[in-house]
Amino acid sequence: MSGVAIIGWGSLIWDLDDLAPRVAGDWAMGAGPPLPLEFSRVSAKRLGALAVCIDAEHGTDCPTHVIVSRRRSVGRALVDLALRERAPPGRIGAVSVGSGARRLAHGRSAAVVARVADWCRTAGFDGAVWTDLDANFAEKTGSAFGMAAAEAYLAGLEGASRVEAVRYITQAPAATDTALRRHLGAQAWWRREAAVMASPRIGADD
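Description of the sheet that holds strand β5 (residues 60-62)
Link 1 in the chain: Across the sheet, which stays open at both edges, the three strands sit in the order β4-β3-β5 with antiparallel pairing between neighbours. The two strands at the open ends of the sheet, each matched to only one other strand, are β4 (49-54) and β5. Taken over all neighbouring pairs, the strand axes of this sheet differ in orientation by 50° on average, direction set aside.
Link 2 in the chain: Where strand β3 (residues 35-43) lies against β5, three bridges are found, and the strand directions are antiparallel. Along β5, the bridge assignment pairs Leu-35 with Cys-62.
Link 3 in the chain: In the packing of helix α5 (residues 159-171) onto the sheet, the strands contacted are β3 and β4, and the crossing angle to β4 comes to about 35°.

Put into structure tokens, the structure is as follows:
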């Protein structure tokens, strides 16, 4: 296999948005490199919900998923993903490993960049791009990230923010099995709200 892989693990799986015309085929679930993931980013785009991101400090290694970009260059695929994420290109991770390609290795974590590069060589891709937004829970809330703090934050959300928070976590791929997701699954209030979210009435027109 050759080409540029787009690696995903969260809302990108069910909402390609304006990236849809720029990819080929379907998601290969579980085919990407395992990466340290956690729901530790307060997302303005998601109305304050906790979004999943690469978190080298708190994350659990989880399988990731792959879809192929229609672009031949990693740089063009990077711009496509940045547009979908409404993020500057500097917040998109990227590596190129193909022969003859301009070498590119960019990301917040050198360990993650190296892991993705090794995976590209093994899987036969010329390169890969991924969303590289940071974990900002402590910055946004004033509390260190932890199970109790994250649960309290979610429980304190109201209205559309709370609905989006529950929906985002419950819709994430099952393989995104982080410590917070397991913790929430053991809480009666969260199970009740997740059950309501699973009702056909919720999100039926999304």
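Moving on, there is more to tell.
Quick look at the pattern of salt bridges
One side chain can pair with another of opposite charge once the charged atoms of both are near each other.
Link 1 in the chain: Inspection of the entire model under this criterion finds 16 salt bridges.
Link 2 in the chain: As a salt-bridge pair, Glu-164 and Arg-46 come within 3.2 Å of each other at their nearest N and O atoms. Here Arg-46 lies in the loop between β3 and β4 and Glu-164 lies in helix α5, a separation of 118 residues in the sequence. Arg-46 shares its class with Glu-164; the two are buried.
Link 3 in the chain: When salt bridges that share partners are traced, they join Asp-15, Arg-46, Arg-84, Glu-85, Glu-164 and Arg-167 into one network.

Re the packing of helix α4 (residues 147-156) against α5
Link 1 in the chain: Their axes nearest at 8 Å, the elements α4 and α5 cross at an angle of 130°. Here α4 lies oblique to α5, going by the angle between them. On α5, the residues touching Leu-154, Ala-155 and Gly-156 of α4 are Arg-162, Ala-165 and Ile-169.
Link 2 in the chain: For the contact of α4 with α5, the class distribution of residues is four nonpolar, one polar and one charged.

Remarks on the sheet that holds strand β8 (residues 104-106)
Link 1 in the chain: Across the sheet, which stays open at both edges, the six strands sit in the order β2-β6-β1-β9-β7-β8 with mixed pairing between neighbours. Two strands close off the open sheet at either side, each with one partner strand: β2 (23-28) and β8. On average, each strand axis in the sheet is tilted by 20° relative to the strand beside it, whichever way the strands run.
Link 2 in the chain: Of the strand pairs in this sheet, strand β7 (residues 92-96) and β8 are connected by three bridges, and their pairing is antiparallel. Looking at the pairing, Ser-96 lines up with Leu-104 of β8.
Link 3 in the chain: Against the sheet, helix α1 (residues 74-85) touches β1 (4-8), β6 (65-69), β7, β8 and β9 (127-131), its axis set at about 15° to β9.

Quick word on unusual backbone geometry
Link 1 in the chain: One non-glycine residue, Leu-47, lies in positive phi territory at about 60°.
Link 2 in the chain: Even without being glycine, Arg-86 reaches a positive phi, approximately 55°.
Link 3 in the chain: Within the secondary structure, Arg-86 is located in the loop between α1 and β7.
Link 4 in the chain: The class of Arg-86 is exposed, set by a relative accessible area of 55%.

Conventions used here
- Residues numbered from 1 in each chain as written.
- Predicted model: local features only at pLDDT ≥ 70, side-chain atom pairs only at ≥ 80, totals over all residues.
- Heavy atoms only, no water.
- Pairing = 2+ DSSP bridges.
- Helix = DSSP H or I, 4+ residues; strand = E, 2+ residues; numbered from the N terminus.
- Axes fitted to C-alpha atoms, helices over the stretch in contact; angles between N-to-C directions.
- Contact = heavy atoms within 4.5 Å.
- Salt bridge = Lys/Arg side-chain N within 4 Å of Asp/Glu carboxyl O.
- Buried < 20%, exposed > 50% of the residue type's maximum accessible area, 1.4 Å probe, protein only.
- Parallel < 35°, antiparallel > 145°, perpendicular 65-115°, else oblique.
- Nonpolar A, V, L, I, M, F, W, Y, C, P; charged D, E, K, R; others polar.

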